[in-house]
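For reference, the chains in residue letters:
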Amino acid sequence: MLPAIEQKHDTFAKERAFLLQERLDMLRGKSDLQKLEGVNDFFNEIEYASDIQISSKGDYLATPWEFLCNNLSDSEDYVMSKYFALKYLKVDHKKLFFTYVRSTKFEEPHMVLTYFETPRSEPLILDNDNRKIFPASKRDDLTPIYNFNGDTLYKVGKNSENSYKK
């Protein structure tokens, strides 16, 4: 795939793809927390830009390869890329949720990846805006609205039993 990436994009994109594979290989066999940190750190190196800044397409969900090759992305693209990288590393996809949030920092929709060790545990937040992974209780700047993955959709809020801010 590397020659095809280089031909379609450039040498930098090819190098990023190579570095991603190298990072994923290094994380195999590590704990879930080490995988979360390694994947979060890698993708958070890519610069944030809104869909409007990237293209004239408006709201656009980039594939993980587009995200990697463009080296610019919005929050949904970070979440999708982190999710598929962690799934590739055999992190149980039932522990990973795309979480739509309100952020006090952003004046537009924002998305983070959440990791629940158990269904009732406090989730860890993987966010492109904050390089460090924090438990949800340490992220007062985020208010969850929906958690979802391929199997589940939860509406969350302060009165919801599925809220991650208990």
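The structure this text deals with has already been given above.
The rules behind the values
- Residues numbered from 1 in each chain as written.
- Predicted model: local features only at pLDDT ≥ 70, side-chain atom pairs only at ≥ 80, totals over all residues.
- Heavy atoms only, no water.
- Helix = DSSP H or I, 4+ residues; strand = E, 2+ residues; numbered from the N terminus.
- Buried < 20%, exposed > 50% of the residue type's maximum accessible area, 1.4 Å probe, protein only.
- Polar contact = N/O pair within 3.5 Å; in protein donor to acceptor, adjacent residues only side chain to side chain.
- Salt bridge = Lys/Arg side-chain N within 4 Å of Asp/Glu carboxyl O.
- Axes fitted to C-alpha atoms, helices over the stretch in contact; angles between N-to-C directions.
- Parallel < 35°, antiparallel > 145°, perpendicular 65-115°, else oblique.
- Contact = heavy atoms within 4.5 Å.
- Nonpolar A, V, L, I, M, F, W, Y, C, P; charged D, E, K, R; others polar.

Right, let's talk about the side chain of T99 for a bit. With respect to the helices and strands, T99 occurs in strand β3 (residues 96-103). A relative accessible area of 0% means that T99 is categorised as buried. Polar contacts involving the side chain of T99 include one to the side chain of T114, which spans 2.7 Å.

Our next topic: the pattern of salt bridges. Applying the stated criterion across every chain yields a total of six salt bridges. The closest approach of N and O atoms between D141 and R139, which form a salt bridge, is 2.8 Å. Residues joined in a network through salt bridges with shared partners are D127, R139 and D141.

Here we come to the packing of helix α2 (residues 11-27) against helix α3 (residues 32-43). One can describe the packing of α2 onto α3 by two numbers: an axis separation of 10 Å at closest approach and a directional angle of 170 degrees. The angle between α2 and α3 falls in the class roughly antiparallel. Across the interface between the two elements, R16, L19, L20, R23, L24 and L27 of α2 pack against Q34, K35, G38, V39, D41, F42 and F43 of α3. Class assignment for the residues of the contact of α2 with α3 results in seven nonpolar, two polar and four charged.

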